[in-house]
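Here is what each chain is made of, one letter per residue.
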Amino acid sequence: MPYKIEIVTNPGYIRVEQSGEVSTDDVEVIRDKIFELVARERLSRVFVDVRRQTNEYSITELFNITVDHAVSRTPFPKPRVCLVVRQDQEDNARFIENVGVNRGLPIKFFTDEEAALKWLQG
C-alpha cells in the first residue's frame, strides 16, 4: 500500500504518509478518505508526508491534483494542510502551495516535520 492514514488524537489531526509509487488514482483515494475522516471526526488539520514517495508527477498532474483538492466538496472550512517534503521536492511543493492557496486551499509546505507540526497546530 503506497499510503497510510491515521488519526492523531492529541492534539487532533489526520496524518498521511505516502511512500513508494503513488499514482494519481491513489491520490484521489487518499483525498476521499481524508475528507471522509474530516467530516466524521470533525478534524480541521491534515499532515501529509511525501518524503518517502519515489515517483514524481508532471506539472500538469500536480496542477490537476491540487485544483481537484481545492474544489472538492468538503466540510467548510477546508482543512488546514501541511505538506512535508524532501529538499529535492521543494520546487514541486512550492508550485502545489501556490496553486492551492490561489484556489482557497489552506496549504503550506515544509522540509522540517517539527516546523510543519507547529504551523499546523498554530
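Quick note: structure is the one above.
Residues numbered from 1 in each chain as written. Predicted model: local features only at pLDDT ≥ 70, side-chain atom pairs only at ≥ 80, totals over all residues. Heavy atoms only, no water.

Peer 1: Help me understand the nonpolar core, please; the structure alone is not making it clear to me.
Peer 2: Generally speaking, soluble globular proteins have nonpolar side chains that are buried together. With 26 residues, the main nonpolar core has Ile14, Val16, Ile34, Val46, Val48 and Leu83 as its most contacted residues. Breaking this core down by element, the ones donating at least two residues are strand 2 (13–20), helix 1 (24–41), strand 3 (45–53), helix 2 (59–71), strand 4 (80–84), helix 3 (90–102) and strand 5 (107–110). Considering each element in turn, this core owes the most residues, six residues, to helix 1. Beyond its immediate sequence surroundings of up to four residues, Val16 is in contact with Lys4, Ile5, Ile30, Ile34, Val46, Phe47, Val48 and Asp49. Grouped together as the second largest cluster of nonpolar side chains are nine residues, Tyr13, Cys82, Phe110 and Leu120 included. (Core = buried A, V, L, I, M, F, W, Y, C linked by side-chain atoms within 4.5 Å. Buried < 20%, exposed > 50% of the residue type's maximum accessible area, 1.4 Å probe, protein only. Helix = DSSP H or I, 4+ residues; strand = E, 2+ residues; numbered from the N terminus. Contact = heavy atoms within 4.5 Å.)

Peer 1: Which parts of the structure should I look at to understand helix 1?
Peer 2: Here helix 1 spans 25 Å end to end across 18 residues, near enough to the 26 Å set by a 1.5 Å rise per residue. Taken together, the buried positions of helix 1 are occupied by Val27, Ile30, Arg31, Ile34, Phe35, Leu37 and Val38. End-on, the buried residues of helix 1 take up no more than an arc of 160°, which puts them together on one face. Among the exposed residues of helix 1, those pointing more than 90 degrees away from its buried face are Asp25 and Arg40. As for helix 1, its buried residues are in contact with strand 1 (3–8), strand 2, strand 3 and helix 2. Within two residues after helix 1, Arg42 carries a phi angle of roughly 55°, on the positive side. (Expected span 1.5 Å × (residues − 1). Arc of directions from axis to C-beta.)

Peer 1: Help me out: how do you make sense of the pairing of strand 5 in this one?
Peer 2: Sheet faces and side chains relate simply in a regular strand, where the side chains alternate between the two faces. Pairing between strand 4 and strand 5: four bridges, direction parallel. Within the sheet, the bridge partner assigned to Leu83 lies in strand 5 and is Phe109. With respect to chirality, the unit in which strand 4 leads through helix 3 into the neighbouring parallel strand 5 is right-handed. (Pairing = 2+ DSSP bridges. Right-handed = clockwise from strand over helix to strand, strands pointing away.)

Peer 1: Quick question: what am I supposed to make of the packing of aromatic side chains here?
Peer 2: A complete count under the given rule lists two aromatic pairs for this structure. Aromatic side chains Tyr13 and Phe47 sit 6.3 Å apart centroid to centroid with 50° between the ring planes, which places their arrangement in the tilted category. Of this pair, Tyr13 sits in strand 2 while Phe47 sits in strand 3; the two residues are 34 residues apart in sequence, bridging distant segments of the chain. In this structure, Tyr13 and Phe47 share a single accessibility class: buried. Between the aromatic rings of Phe110 and Trp119, the centroid separation amounts to 5.8 Å while the plane-to-plane angle is 50°, which identifies the pairing as tilted. Classification of Phe110 by relative accessible area gives buried; the value is 12%. The ring of Trp119 carries the charged tip of Arg80 above its face, separated from the ring centre by 4.0 Å. (Phe/Tyr/Trp six-rings, centres within 6.5 Å; stacked < 30°, edge-to-face > 60°. Lys NZ or Arg CZ within 6 Å of the ring centre and 35° of its normal.)

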